[in-house]
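Listed here are the chains, written in short residue letters.
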Protein chains: 2
Amino acid sequence: MKETQETATTASTTQTTPDTRNEQNPPAVLPRIVIVGAGFGGLKTAQALSRANARVTVIDRQNHHLFQPLLYWVATAGLSPADISSPIRSILRRQKNTEVVMAEVTGIDLAQQRVLMGEHAVSYDYLVLATGAHDNYFGHPEWEKYAPGLKTIVDATSIRRQILLAFEAAEVETDPQKIRSLLTFVLVGAGPTGVEMSGAIAELAHKALTSDFRHIDTKSSRILLVEAAPRILATFPESLARKSKRKLERMGVEVREGSPVEQVDEHGVVVGGEYIEAHNIIWSAGVSASPAGKWLGADVDRAGRVKVESDLSVPGYPNVFVIGDTASVTQKGKPLPGVAPVAMQAGRYVASLILQRIAGKEPHKPFHYLNKGNLATVGRSYALVDLGKMRMTGFLAWVIWLVVHIFYLIGFRNRIIALFQWAWTYLTYHRGARLITQERNPQ
Amino acid sequence: MKETQETATTASTTQTTPDTRNEQNPPAVLPRIVIVGAGFGGLKTAQALSRANARVTVIDRQNHHLFQPLLYWVATAGLSPADISSPIRSILRRQKNTEVVMAEVTGIDLAQQRVLMGEHAVSYDYLVLATGAHDNYFGHPEWEKYAPGLKTIVDATSIRRQILLAFEAAEVETDPQKIRSLLTFVLVGAGPTGVEMSGAIAELAHKALTSDFRHIDTKSSRILLVEAAPRILATFPESLARKSKRKLERMGVEVREGSPVEQVDEHGVVVGGEYIEAHNIIWSAGVSASPAGKWLGADVDRAGRVKVESDLSVPGYPNVFVIGDTASVTQKGKPLPGVAPVAMQAGRYVASLILQRIAGKEPHKPFHYLNKGNLATVGRSYALVDLGKMRMTGFLAWVIWLVVHIFYLIGFRNRIIALFQWAWTYLTYHRGARLITQERNPQ
């Protein structure tokens, strides 16, 4: 859209920005803050600016904020997509200084201070990029189609469909070798996502589905968790990781540590020189930042994350900030992990910094992440909690995990439904969302 | 799959039926009952055969039974797809004489008594076809892409996406004419589905979304319900239809009776000679039976429904039955409507008839449909109930509607969730499943 006629690059387009519609208004005097991405970081930034004397615009290509920590529950048929999503507009509806635009950002014009969205553009005085990350196949993009990752709702429903269809196909298959392949699940990467997925698939195969099939024994399913590093859950203390490994093994998951995946193809994976036939391969081995670094032409690290200043601004652009999984921040010589608390604290920090600048102050305090703890769940009622001094595994840890996740899930309705579904699955092992939906043929 | 070597037509294929896997077993002596379709009719047939001394096979191309009467709630973001679906295997898991096959039926070999599923086939002694219906565009199949119908989960999520994206697009649009088109919703056909959809869209536009947008006034949305017949809700008594019409109008729905749609294209519809620009057109004008009639080479009516005998068998094939929306049954000179109660009663009837035959008896009682009543809902708390002698509209009717629908919804978990979501939407007007999910690009 064109904003003013002097913007030569877009003067030929016919549409205008939403905010320029009230043409009768004088040129805006309020500072304009644009936030790209409504994940944990972007949403927290917007919420912390709710009373700002500014115009805030949140841009996201989806209409919903996604509670990614529970995405594996959707992929394993425990929750419906809508249960862990909330419309961004709905979350921010009472925040009158804020508007939400559903659009795909295509670039940043740093010189003119504009965010580009195809033919449209929007100006900013302050820009916050919180665009997240996607799966990293470490130089093997061709593996993606055989080993999908778990980042979006569509990823989750695709994996759900694949897992459920594998059992259906095995039920009507007669070749024992094919049945074995259909019932083999390989999780590549044993961070929290890989551990959670392997536990959930084990419960599905060994508990939830056992009485539903007549020809296959779902308990014969093979679930492999493969990790290149010397041990699983590298971000947790070793003692907790060791206990989790034992728990996984008791649940029927084969755990292979120090075993990088060497090859992935249509029929299986090569791990430690061994070819394992597997119909179901799921990738959770690492992430790579969104293209924000490219938009900015900024210096990035190996994972594509923008190397930011200590106040999370982009070098040379003190009014442009990068937060969350898209930013490379080191603290005490160690890179901060790509988890929700880091993104949320960064969002709050950047919002307060912008508020001070608007008030005419020049803040100097660098961003400091306060690690309040680290959580992961293994099975139906087993989690690990690392609060620094206090470490815990087992049922009590799981209750803590549950409380924290319910608390951070947005929306009262979603909390009630998630709690109910947990209770239901806890009591019955049944998973409520065992739905195979076909995709409509493109036409 | 091949069943025996003498079956020349399939002898060249390599796979075998699930049931022939136990090759060591002697040829089965139990009669084999095959049910195609696990909608209301097929599922009821299977359940009524739970104690049959027979082998029952249920074939469906989906893995789930769908509670179609609530599909419009999914299309209008009130429920998630999984809330109105249950895995067929899960419903029938305790029924040890029954197996479930997820496959697409491609034809029936009446001579050899086999159901064909591509390369596979399965033999039957008794066959029940309960394959439902799809939308009927009355000779204009090209309208389907502009005016999708509401029959499957994919239909519902597509319509949900289209409705929600229309509001998003209107929010960033500046051309008033385009905004008006984006916010115009035309429902073609005013049977229960059209009435329910128009009421739900009116609530979405006039209540649920009002505070979420900054540039458009969602209350300015235009919702048109267009019916070719002289009045809406043709299957209900006229007094109830008249009241419903007034209720719809109070909710902001424009009702046009006696107005056949003459043309549908990318930008709108022609109704009564008038061209109405509309971005959102939804088809609920009529159904056409599944291809079961073609599979059988049987005599069908105008809507493609198989003309069955008074015992619901196909003329000339006393062991082949057609029930539900796929069957053309007249009673007292009037055709039976394509509703769940007809299908379920037919399922029970056919199951009992087969049980008697297996027991060596020859039943003579023709199928008789007992109409227990007719229900439809108009808005958040308004329904119409026609129990023959007793007719009712309003809140109490809505409570009856709710109780009946919760009762027939399969699965305790689904019932609780649906009740909770109803209560939630009733109290807040908010709809929990306002999720726009992109379809993965075909690759």
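Heads up: the structure comes first, above all this text.
An account of the accompanying structure is given in this report. All figures in this text were calculated on a predicted structure; none of them were measured in a lab.

**A closer look at the environment of Tyr426(B)**
Residue and element names in this part refer to chain B. Note that Tyr426 resides in helix H11 (residues 412–428). The spacing of Tyr426 and Ser381 is 45 residues in sequence and 7.8 Å in space, taken between C-alpha atoms. Not counting the four nearest positions on each side in its chain, Tyr426 is found in contact with Arg380, Ser381, Phe395 and Trp398.

**Observations concerning the relation of the copies chain B and chain A**
Mapping chain B onto chain A calls for a rotation angle of 180 degrees and an axial translation of 0.0 Å; the resulting RMSD is 0.0 Å. What the rotation and shift describe, once combined, is the action of a two-fold rotation axis. In this assembly, 98% of the residues forming the interface of chain B have copies in chain A that are likewise at the interface, indicating an isologous arrangement.

**Description of the sheet that holds strand E11 (residues 184–188) of chain A**
Residue and element names in this part refer to chain A. What the four strands build is an open sheet, ordered E13-E12-E11-E17; its pairing is parallel. Edge positions in the sheet fall to strand E13 (253–256) and strand E17 (280–283), since each has one partner strand and no second. Between one strand axis and the next, the sheet turns through 20 degrees on average, direction left out of account. Here five bridges tie E11 to strand E12 (residues 222–226), and the two strands are oriented parallel to one another. Note on E12: the bridge partner recorded for Thr184 is Arg222. The strands touched by helix H4 (residues 153–172) are E11 and E17; relative to E17, the strand with the most contacts, the crossing angle is about 160 degrees. On top of the sheet, helix H6 (residues 192–208) reaches E11, E12, E13 and E17; it is set at about 175 degrees to E12, its chief contact.

**Quick look at the interface of chain B and chain A**
By a widespread convention, an interface's size corresponds to the accessible area lost as its parts come together. Each side of the interface is counted separately: chain B has 61 residues, and chain A has 60 residues. Approximately 5700 Å² of surface area, both sides summed, lies buried where chain B meets chain A, with 52% of it carried by carbon and sulfur atoms. On the surface where chain B and chain A come into contact, there are two salt bridges. Salt-bridge contacts for Glu168(B) lead to Arg89(A); the nearest nitrogen and oxygen are separated by 2.7 Å. For the interface between chain B and chain A, the tally reads 17 residue pairs in polar contact (both at pLDDT 80 or more). Only strand E4 (85–87), helix H3 (88–91), strand E5 (98–102), helix H4 (153–172) and H11 of chain B provide two or more residues apiece to the side of chain B that touches chain A. Considering each element in turn, the side of chain B that touches chain A owes the most residues, ten residues, to H4(B). Residues of the side of chain B that touches chain A, tallied by class, amount to 24 nonpolar, 20 polar and 17 charged.

**Remarks on the pairing of strand E9 (residues 126–129) of chain B**
Residues and elements named next belong to chain B. Here E9 shows no split at all, with Tyr126 and Val128 on one side and Leu127 and Leu129 on the other all buried. Of the pairings in the sheet, the one linking E9 to strand E21 (residues 317–322) comprises three bridges and is parallel in character. Along E21, the bridge assignment pairs Leu127 with Val320.

**Re the pattern of salt bridges**
Pairing between side chains of opposite charge can happen when their charged atoms approach one another. For the coordinates displayed, the defined rule picks out 26 salt bridges over all chains. As a salt-bridge pair, Asp109(A) and Arg114(A) come within 3.8 Å of each other at their nearest N and O atoms. The same class applies to Asp109(A) as to Arg114(A), namely buried. The shortest N-O distance in the salt bridge between Glu274(B) and Arg256(B) comes to 2.9 Å. Linking Glu274(B) in strand E16 (residues 274–277) with Arg256(B) in strand E13 (residues 253–256), this pair joins segments that are 18 residues apart in sequence. Given the relative accessible area of 34%, Glu274(B) is considered partly exposed. Linked by salt bridges that have partners in common, Arg222(A), Glu254(A), Arg256(A) and Glu274(A) make up one network.

**Notes on the side chain of Glu227(B)**
Residues and elements named next belong to chain B. Mapped onto the secondary structure, Glu227 falls in the loop between strand E12 (222–226) and helix H7 (238–250). Although buried, Glu227 forms no salt bridge, and the nearest oppositely charged side chain, Arg231, lies 9.5 Å from it. Polar side-chain contacts of Glu227 include one of 2.9 Å to the backbone nitrogen of Ala229.

**A closer look at the pairing of E21(B)**
All names here are of chain B. Relative to E21, strand E20 (residues 313–314) runs antiparallel, the two being bridged by two bridges. For Ser313, the partnering residue across the bridge sits in E21 and is Phe321. What sits between E20 and E21 in their antiparallel hairpin is a turn of two residues, with Gly316 showing a positive phi close to 90 degrees.

**Observations regarding the environment of Arg415(A)**
Residue and element names in this part refer to chain A. Considering the arrangement of structural elements, one finds Arg415 in helix H11 (residues 412–428). On a C-alpha basis, the gap between Arg415 and Ile84 in space is 8.8 Å, while along the polypeptide they are 331 residues apart. Engagement of the side chain of Arg415 in a polar contact is seen with the backbone oxygen of Ile406, the distance being 3.1 Å.

**Looking at H4(A)**
Given 3.6 residues per turn, any residue in an α-helix points the same way as the ones three and four places further on. When the terminal C-alpha atoms of H4(A) are compared, their 29 Å separation across 20 residues agrees well with the 28 Å that a helix rising 1.5 Å per residue should span. Counting buried positions along H4(A) gives 16 out of 20 residues, so the element sits mostly inside the fold.

**Quick notes on the packing of aromatic side chains**
All names here are of chain A. Applying the stated criterion across every chain, the model contains 20 aromatic pairs over all chains. Relative to Trp422, the ring of Trp73 lies with its centre 5.4 Å away and its plane at 70 degrees, an arrangement referred to as edge-to-face. Remark: Trp422 occurs in helix H11 and Trp73 occurs in helix H2 (residues 71–75); sequence separation between them is 349 residues. The rings of Trp73, Trp401 and Trp422 are connected pair by pair, giving a single aromatic cluster.

Cut-offs applied
Residues numbered from 1 in each chain as written. Chains lettered and ligands numbered in written order. Predicted model: local features only at pLDDT ≥ 70, side-chain atom pairs only at ≥ 80, totals over all residues. Heavy atoms only, no water. Helix = DSSP H or I, 4+ residues; strand = E, 2+ residues; numbered from the N terminus. Contact = heavy atoms within 4.5 Å. Least-squares fit on C-alpha atoms with pLDDT ≥ 70 in both. Pairing = 2+ DSSP bridges. Axes fitted to C-alpha atoms, helices over the stretch in contact; angles between N-to-C directions. Buried area = accessible area lost by both parts, 1.4 Å probe. Salt bridge = Lys/Arg side-chain N within 4 Å of Asp/Glu carboxyl O. Polar contact = N/O pair within 3.5 Å; in protein donor to acceptor, adjacent residues only side chain to side chain. Nonpolar A, V, L, I, M, F, W, Y, C, P; charged D, E, K, R; others polar. Buried < 20%, exposed > 50% of the residue type's maximum accessible area, 1.4 Å probe, protein only. Lys, Arg positive; Asp, Glu negative; His and termini not counted. Expected span 1.5 Å × (residues − 1). Phe/Tyr/Trp six-rings, centres within 6.5 Å; stacked < 30°, edge-to-face > 60°.

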